[in-house]
Amino acid sequence: MDSLLRHMVDMTGHRDHTMLDISVISAVQELAGARQTRVLSIASVRSQKFVRARAIIGAGRPASIVEPADTNSPGEAITSYPELAACLARHETNAERVAPDGIRTLWLPIWMGDSADTCLEIVHLEPYSADTIHVISGIVSVYRNFQNLLDYSERDSLTGLLNRKTFDHQLTKMLQSSSEQVEEEEAPPLPGQPERRQHSNQEKQWLAVVDVDHFKLVNDKFGHLYGDEVLILIANLLQSSFRSQDRVFRFGGEEFVVLLRSATLENAQKIIDRFRINVESHDFPQVGKVTVSVGFVSICAYESPVIILGHADQALYYAKSHGRNQACHYDQLVEGGLLQAVPANDTAEFF
């Protein structure tokens, strides 16, 4: 009982999805005597479902976050998990597979209404007793309820996208993680260890600021209800145009922000232009055609969030003042003499 209470306190003490994932698999691993426990993300891409591990813990190994080997891949096709696929199709609470060697895998989808984008996977050797299943179900219920609370506090009420507060937190966290990684790579190797080599194809982080062109005219001509519908539809296009591992936020008003990964500028430009073209070719009810302008920049670990946002905003302003319906990269504009680099002032606050 003491162990259960300790885990419940730990799970509800976090305000971060990553730490919540770590807490729940740690609780299940210990209380259920599992061989391995994972948190799986379930994503839909072009009407097909894919599964990707998000966090993992094994017997004798600490819990850890799983970094995808290929961020361009949505994960494994759910056809590799036929029992889980059938469970999701029937909206059931669990599914189990018993392998020929006797190893059991139990899946517990985390249902939020009619959808489940998260699932717990528990690998164990012996059938669980009714008491153990009861404890696991209780942990899953607490996890689901607290995940729901976090989602509610992190999302914009109109579009359902992540909100400005969540963006501030995730960008700061990303910069801290990138800075620590750079420091580790640049540190000299210890005696006897091989020299570290940086890979040129390592993926970079990018920040894109999206603004709806002539949005005030939409509100003035058609009214705010249609203006809100335009924002909701653009939010849907953002989610369908970018990959499941990218992060999309409503920054405020008609402005959105995207955090994405790409190894090259050319690929980042291609991904952003795909979204821009999707908006341009979409027919918005009553309103007709709508376009967006985008300013984007590569994220440097040693720059502050204010500087990074400022550079993206400068590129966005250039796009809007030079024809709109285009995506402009800050460094390209500076290198081409089209934009003047402004001395950094990281004490400024952007609203």
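Residues numbered from 1 in each chain as written. Predicted model: local features only at pLDDT ≥ 70, side-chain atom pairs only at ≥ 80, totals over all residues. Heavy atoms only, no water.

In the annotation of an unreviewed UniProt entry, the entry for the chain reads diguanylate cyclase, and the organism field reads Massilia soli. In the Catalytic activity (unreviewed entry) part of its UniProt record, the chain is described as follows: "2 GTP = 3',3'-c-di-GMP + 2 diphosphate". (UniProt positions renumbered as here; feature names shortened; annotations may be inferred.)

(A) Inspection of the overall build of the chain at higher detail. The helix and strand tally for the chain stands at 10 helices and 12 strands. Long-range pairs, those at least 24 residues apart, make up 61% of the contacts in the chain with a sequence separation of at least 6. Looking at the chain as shown, the accessible area adds up to about 18,900 Å², and 53% of this sits on carbon and sulfur atoms. (Helix = DSSP H or I, 4+ residues; strand = E, 2+ residues; numbered from the N terminus. Contact = heavy atoms within 4.5 Å. Areas by Shrake-Rupley, 256 points an atom, 1.4 Å probe, with all protein chains shown as cover.)

(B) Here's a closer look at the nonpolar core. Counting residues in hydrophobic clusters, the biggest one holds 31 residues, and the most contacted among them are Ile234, Leu238 and Phe275. Contact partners of Leu238, with chain neighbours within four places excluded, come to Leu161, Val248, Phe256, Val258 and Phe275. (Core = buried A, V, L, I, M, F, W, Y, C linked by side-chain atoms within 4.5 Å. Buried < 20%, exposed > 50% of the residue type's maximum accessible area, 1.4 Å probe, protein only.)

(C) Layout of the pairing of strand β1 (residues 36–45). With seven of 10 residues buried, β1 is to be regarded as a mostly interior element. Sheet topology note: the β1/strand β2 (residues 48–58) ladder contains 10 bridges and is antiparallel. Residue pairing across strands places Gln36 opposite Gly58, the latter belonging to β2. Linkage of β1 to β2, two consecutive antiparallel strands, is achieved through a turn of two residues, within which Arg46 is found at a positive phi near 55 degrees. (Pairing = 2+ DSSP bridges.)

(D) Just helix α2 (residues 17–31), in detail. Helix length check: α2, at 15 residues, gives a terminal C-alpha distance of 21 Å against a target of 21 Å (1.5 Å per residue), a fit within 8%. All of the buried residues along α2 are Leu20, Asp21, Ile22, Ser23, Val24, Ile25, Ala27, Val28 and Gln29. Note on α2: the residue one or two positions beyond its end, Gly33, has a positive phi of about 60 degrees. (Expected span 1.5 Å × (residues − 1).)

(E) Representation of the pattern of salt bridges within the structure. Under the criterion given, the structure shown has 15 salt bridges. One salt bridge connects Glu96 with Arg104, and the closest N-O pair in it is separated by 3.9 Å. Where Arg276 meets Asp273, a salt bridge forms, and the shortest distance between an N and an O atom there is 3.1 Å. Highlighted residues: Arg276 and Asp273, both in helix α8 (residues 265–280), separated by three residues, approximately one helical turn. (Salt bridge = Lys/Arg side-chain N within 4 Å of Asp/Glu carboxyl O.)

(F) Representation of helix α9 (residues 305–321). Taking 1.5 Å of rise per residue, 17 residues should cover 24 Å, and α9 covers 24 Å from first to last C-alpha, within 8% of that figure. For α9, a buried count of 13 out of 17 residues is recorded, marking the element as mostly surrounded by other parts of the structure. Taken from the residues just after α9, Gly323 is the one with a positive phi, measuring 115 degrees.

(G) Representation of the sheet that holds strand β12 (residues 327–329). One open sheet holds the five strands; their spatial order is β9-β10-β8-β11-β12, and the pairing between them is mixed. The sheet terminates laterally at β9 (247–252) and β12, the two strands that pair on one side only. Strand-to-strand twist across the sheet, computed as the mean angle between neighbouring axes with direction ignored, equals 25 degrees. Two elements, strand β8 (residues 204–212) and strand β10 (residues 255–262), share eight bridges in a ladder whose sense is antiparallel. Bridge pairing in β10 links Val209 to Val257. The strands touched by helix α7 (residues 224–241) within the sheet are β8, β9, β10 and β11 (292–298), with β10 carrying the most contacts at an inclination of about 0 degrees. (Axes fitted to C-alpha atoms, helices over the stretch in contact; angles between N-to-C directions.)

(H) Region of the structure containing the side chain of Thr166. Note that Thr166 resides in helix α5 (residues 164–186). A distance of 2.6 Å separates the side chain of Thr166 from the side chain of Asn163, its partner in a polar contact. Apart from residues no more than four positions distant in its own chain, Thr166 is found in contact with Glu154 and Phe249. (Polar contact = N/O pair within 3.5 Å; in protein donor to acceptor, adjacent residues only side chain to side chain.)

(I) How the structure looks around the packing of aromatic side chains. In the structure shown here, the tally under the stated rule is five aromatic pairs. The interplanar angle of 85 degrees and the centroid separation of 6.1 Å between the aromatic rings of Tyr81 and Trp107 together place this pair among those described as edge-to-face. With Tyr81 in the loop between β4 (76–77) and α3 (82–89) and Trp107 in strand β6 (residues 104–109), this residue pair connects regions lying 26 residues apart in the sequence. Relative to Phe251, the ring of Phe167 lies with its centre 5.5 Å away and its plane at 85 degrees, an arrangement referred to as edge-to-face. (Phe/Tyr/Trp six-rings, centres within 6.5 Å; stacked < 30°, edge-to-face > 60°.)

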